[in-house]
Amino acid sequence: MRARYDGLAEWYDERFGKDAEPHQPGLLDLLGPGSGPCLDIGCGTGRNFESIRASGRTVVGLDYSIDQLRRARMRTDGPLMHGDAAALPFADESFDTAITLWTSTDVDDFGAVLLEAARVLRPGGVLVVYGVHPCFNGPHVVYAEDGRRIVHPTYRQSGWHTESPWWSEDGIRRRIGMNHVPLADYLNAVISSGLAVDRFEEPGGYDVPHAFAFRAHRPA
């Protein structure tokens, strides 16, 4: 099955890959210092690799798009895997740290991804999830030029959206669509994963939150 991001890697990298950290405020604080391999689930073109290395860890990247992985190879000489985030090709308890960034809207089943992340973490292992804010970012939201977000009643229409009248013509959502996960569904997926949440964050950078993030660990 063709990956949604195949054929977009160069465009995506030019638009989102450069200077990734300023667009992901607070990521390093959530990740905290550590060592050893960190699994980047849905690593794309490797925009998170520098943050992983800055935390003291080494990169293990996984993505469903071969095109994206080719670009990611330019950012690491560590292991890169082609695979499905909802069926990770790793044994139970393989990692002390995992991250997944901006993937909740790109996968068919966000809950399945969290369950798999929990499975491959060792007891006490840390997962950091960082991505779209379910309330203020999605097919139901209009971005006003003055910074306001106008939220439409379609917020409750969960699942895959192939179009929205408010998506920009040159944006990523016009190209691949978006899986909208309302906040309650998102939080229930976290609970169902069995992970213990350490904290939730609404990272800065916008007066109305653009992103939603959390740090959790696998209980001993």
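In this text, all values refer to a predicted model and were calculated from it rather than measured experimentally.

**Examining the packing of aromatic side chains**
Overall, the coordinates contain eight aromatic pairs when judged by the stated rule. Ring geometry for Y5 against Y12: centres 5.6 Å apart, planes inclined by 90 degrees, an arrangement best described as edge-to-face. The exposure classification of Y5 matches that of Y12, with both residues buried. Taking 5.4 Å as the distance between ring centres and 80 degrees as the angle between the ring planes, the aromatic pair formed by Y186 and F212 counts as edge-to-face. Remark: F212 occurs in strand β11 (residues 211-217) and Y186 occurs in helix α7 (residues 183-192); sequence separation between them is 26 residues. Per residue, the accessibility class of Y186 equals that of F212, and both read buried.

**Points about the sheet that holds strand β3 (residues 80-82)**
Pairing in this open sheet of seven strands is mixed, and the strands run β3-β2-β1-β4-β5-β11-β10 from one edge to the other. Taken across any chain shown, the strands that pair with only one partner, and hence form the sheet edges, are β3 and β10 (196-201). Taken pair by pair, the neighbouring strands of this sheet meet at an average axis angle of 15 degrees, ignoring direction. When strand β5 (residues 121-132) meets β11, the two strands line up antiparallel, connected through seven bridges. The partner of Y130 across the bridge, within β11, is A213. Helix α5 (residues 110-120) rests against β1 (37-41), β4 (95-101), β5 and β11 of the sheet, and its axis sits at about 150 degrees to β5.

**Regarding the nonpolar core**
Residues L39, I41, F90, L114, L127 and Y186 are the most contacted members of the largest nonpolar core, which totals 27 residues. When contributions to this core are tallied by element, the ones reaching two or more residues are β1, β2 (58-63), β4, α5, β5, α7 and β11. Considering each element in turn, this core owes the most residues, six residues, to α5. Beyond its immediate chain neighbours, meaning those up to four positions away, F90 contacts L39, V60, L62, M81, F95, R119 and V120. Counting 22 residues, the second largest nonpolar core, distinct from the first, contains F49, V59, V128 and A213.

**Brief notes about the UniProt feature "domain: Methyltransferase type" (unreviewed entry) in the protein**
The feature "domain: Methyltransferase type" (unreviewed entry), as given by UniProt, occupies residues 39-129 in the numbering adopted here. Secondary structure content for residues 39-129 is 26% helix and 31% strand, while the C-alpha to C-alpha distance between its ends is 12 Å.

**Overview of α5**
For α5, a buried count of nine out of eleven residues is recorded, marking the element as mostly surrounded by other parts of the structure. Taken as a whole, α5 has its buried residues at F110, G111, A112, V113, L114, E116, A117, A118 and V120. Tucked into the core, α5 has its buried residues touching β1, β4, β5, α7 and β11. Measuring from the backbone nitrogen of G111 back to the side-chain oxygen at the start of α5 gives 3.2 Å, which picks out D109 as the cap.

Conventions adopted
Residues numbered from 1 in each chain as written. Predicted model: local features only at pLDDT ≥ 70, side-chain atom pairs only at ≥ 80, totals over all residues. Heavy atoms only, no water. Phe/Tyr/Trp six-rings, centres within 6.5 Å; stacked < 30°, edge-to-face > 60°. Buried < 20%, exposed > 50% of the residue type's maximum accessible area, 1.4 Å probe, protein only. Helix = DSSP H or I, 4+ residues; strand = E, 2+ residues; numbered from the N terminus. Pairing = 2+ DSSP bridges. Axes fitted to C-alpha atoms, helices over the stretch in contact; angles between N-to-C directions. Contact = heavy atoms within 4.5 Å. Core = buried A, V, L, I, M, F, W, Y, C linked by side-chain atoms within 4.5 Å. UniProt positions renumbered as here; feature names shortened; annotations may be inferred. Polar contact = N/O pair within 3.5 Å; in protein donor to acceptor, adjacent residues only side chain to side chain.

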